[in-house]
There are 2 protein chains.
Amino acid sequence: MIELDKFFKSPFTVDNVIFGFDEGDLKVLLIKRGEEPFKDEWALPGYFVNENEDLDSAAKRVLAELTGIKNVYLEQVNTFGAVDRHPLGRVITVAYYSLIKISDYNLHASSIAINAKWHSIAKLKYLAFDHFKILMACFQRLKNRVRERPVGFELLPPKFTLTQLQHLYEAILETNLDKRNFRKKILSMNLLLDLNEMQEGVAHRPARLYQFDKMKYEQFLAEGYVFDLSGSKNKSSKKKSKKSV
Amino acid sequence: MIELDKFFKSPFTVDNVIFGFDEGDLKVLLIKRGEEPFKDEWALPGYFVNENEDLDSAAKRVLAELTGIKNVYLEQVNTFGAVDRHPLGRVITVAYYSLIKISDYNLHASSIAINAKWHSIAKLKYLAFDHFKILMACFQRLKNRVRERPVGFELLPPKFTLTQLQHLYEAILETNLDKRNFRKKILSMNLLLDLNEMQEGVAHRPARLYQFDKMKYEQFLAEGYVFDLSGSKNKSSKKKSKKSV
DNA sequence: CCTATTTAGTGTAAAATTGACACCAGCCCT
DNA sequence: AGGGCTGGTGTCAATTTTACACTAAATAGG
């Protein structure tokens, strides 16, 4: 019987990359650290995992402790384990990401966070530790996700216009989309509920407001699965895609 | 200044999911453990990470030590950290996967492995620890990869027929593909080098042999990138895909 | 040697999807 | 009333995807 104590042990952390969307800008939630190392610098909200805690639970807990944000779905992206990534010694970190509606949450910095704020991703150049690298890895994941399935509704207010939704996609994909084609496609997915309401108080023609239809989304995922995986009964049909990144 | 020793520490391991393809069957490389826990049971080739070792290096080293396989590209998939996933105490594990040509490598079990063998994935039901779960996660990743870009050549002998290639895709995607459409598409990618050689000694019309063209593959990846991300100069073009899983 | 068996190899047409593109509508402001 | 701004809409060409069936070339076995 082996003894676990023979083996090298290290502490490990979770780091959260929380994306939000506001004022046409894709943002990420950062904390200002009140603790060395990297005291007073901006970093991802992350901290050490406790003894009796799953990684997923730890990510949730840490996020709540540092920023006040609760009840978000976090998806694991990657684990970073370079020997020297932490100045005080070896620390492995597991990165998680999520998308949330900025307006749904109040930020409340506590624990080692002396501040918690949304930052425009486009403007960021540097973060504490290897957090910039982690951010970029998660951003890449987000880009891939968004072209596989309709994510992104999480980032908008409950009632939104098609133009807002388009801007969101453009921010995530870092590209420009054709208005007519975008609308055609997004509407054809039947994931939007037309609220028959209009924007008010804007200095231009008011836009129609929509809501995300969660029920149809589940349906979509279910079908989508069968869709791409099943051929016809026998001789068949599927192909792997040719271009697309 | 914080002291890392205050925090909970645990050992951590890497586990490798190595896919191979042989006799029309998608296989995974397993070891029989010669050490408790799960002595004499089949498991993924994995072991503890050392103090001065990156995760990626550890994965490579462990794979070589247990199975004799060297020089493979390993991609990180996921980290599993359930509190009770290891019967002797907490152990976090980072899962890696790779694709290799079975015939290119000689298996040589050593260290805690008393055997190393290829197993058909379709027949597997159970593995030591949570390794079955890990295997499934990596299999899913493989399926996703294969529809994004032409992986899979790694799994075939240096000279292969289009039918072999098709069977490989069918095994990975767990579906049936149309012969004519498959050939049309794969040939149009210009990734195959026609060797102008024929199969010999088969009891049917001999098939043409092909080779994978690595140079064109690099080209393909480079172009592919620009391809899907760029719109035209201004008003634009890109869309997120609608179906496809 | 003739036949049966097995896998290799090939083309086309219909359907669906994608991509490019330009103008009028409706609100506020001055 | 007009200017400024964003919302909203349709079509056509090009490309991609899918479905589908027969002949060719080798060996095996009588």
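Definitions and cut-offs
Residues numbered from 1 in each chain as written. Chains lettered and ligands numbered in written order. Predicted model: local features only at pLDDT ≥ 70, side-chain atom pairs only at ≥ 80, totals over all residues. Heavy atoms only, no water. Axes fitted to C-alpha atoms, helices over the stretch in contact; angles between N-to-C directions. Helix = DSSP H or I, 4+ residues; strand = E, 2+ residues; numbered from the N terminus. Parallel < 35°, antiparallel > 145°, perpendicular 65-115°, else oblique. Contact = heavy atoms within 4.5 Å. Nonpolar A, V, L, I, M, F, W, Y, C, P; charged D, E, K, R; others polar. Near = heavy atom within 4 Å. Domains from an automatic or database assignment. Buried area = accessible area lost by both parts, 1.4 Å probe. Salt bridge = Lys/Arg side-chain N within 4 Å of Asp/Glu carboxyl O. Polar contact = N/O pair within 3.5 Å; in protein donor to acceptor, adjacent residues only side chain to side chain.

## Description of the packing of helix H3 (residues 162-173) of chain A against helix H4 (residues 179-188) of chain A
Residues and elements named next belong to chain A.
- Between H3 and H4, whose axes approach to 11 Å, the crossing angle comes to 100°. When the axes of H3 and H4 are compared, the pair comes out roughly perpendicular. Only Lys-179, Phe-182, Arg-183, Ile-186 and Leu-187 of H4 make contact with H3, whose side of the interface consists of Leu-162, Thr-163, Leu-165, Gln-166 and Tyr-169.
- When grouped by side-chain class, the residues that make up the contact of H3 with H4 number 6 nonpolar, 2 polar and 2 charged.

## Let's talk about the protein's contact with DNA strand C
- If you check the shell around DNA strand C, you find 25 residues, and the closest are Arg-205 of chain A together with Thr-163, Lys-179, Lys-184 and Arg-208 of chain B.
- A share of 43% is what sugar and phosphate atoms reach among the atoms of DNA strand C within 4 Å of the protein.
- Contributions of two or more residues to the surface near DNA strand C are made by H4 of chain A together with helix H4 (179-188) of chain B.
- Within the surface near DNA strand C, the residues separate by chemical class into 5 nonpolar, 7 polar and 13 charged.

## Points about the domain arrangement of chain A
All names here are of chain A.
- What the domain assignment lists for chain A is domain 1 (4-146) and domain 2 (148-245).
- Domain 1 puts 14 residues into the contact, and the matching count from domain 2 is 19 residues.
- Approximately 1500 Å² of surface area, both sides summed, lies buried where domain 1 meets domain 2, with 67% of it carried by carbon and sulfur atoms.
- Applying the counting rule to domain 1 against domain 2 returns 1 salt bridge.
- Between Glu-174 and Lys-143 there is a salt bridge, and its shortest N-O distance comes to 2.5 Å.
- Counting across the interface, domain 1 meets domain 2 through 2 residue pairs in polar contact (both at pLDDT 80 or more).
- Sorting the residues of the side of domain 1 that touches domain 2 by element identifies strand E1 (9-22) and helix H2 (131-148) as the ones contributing at least two each.

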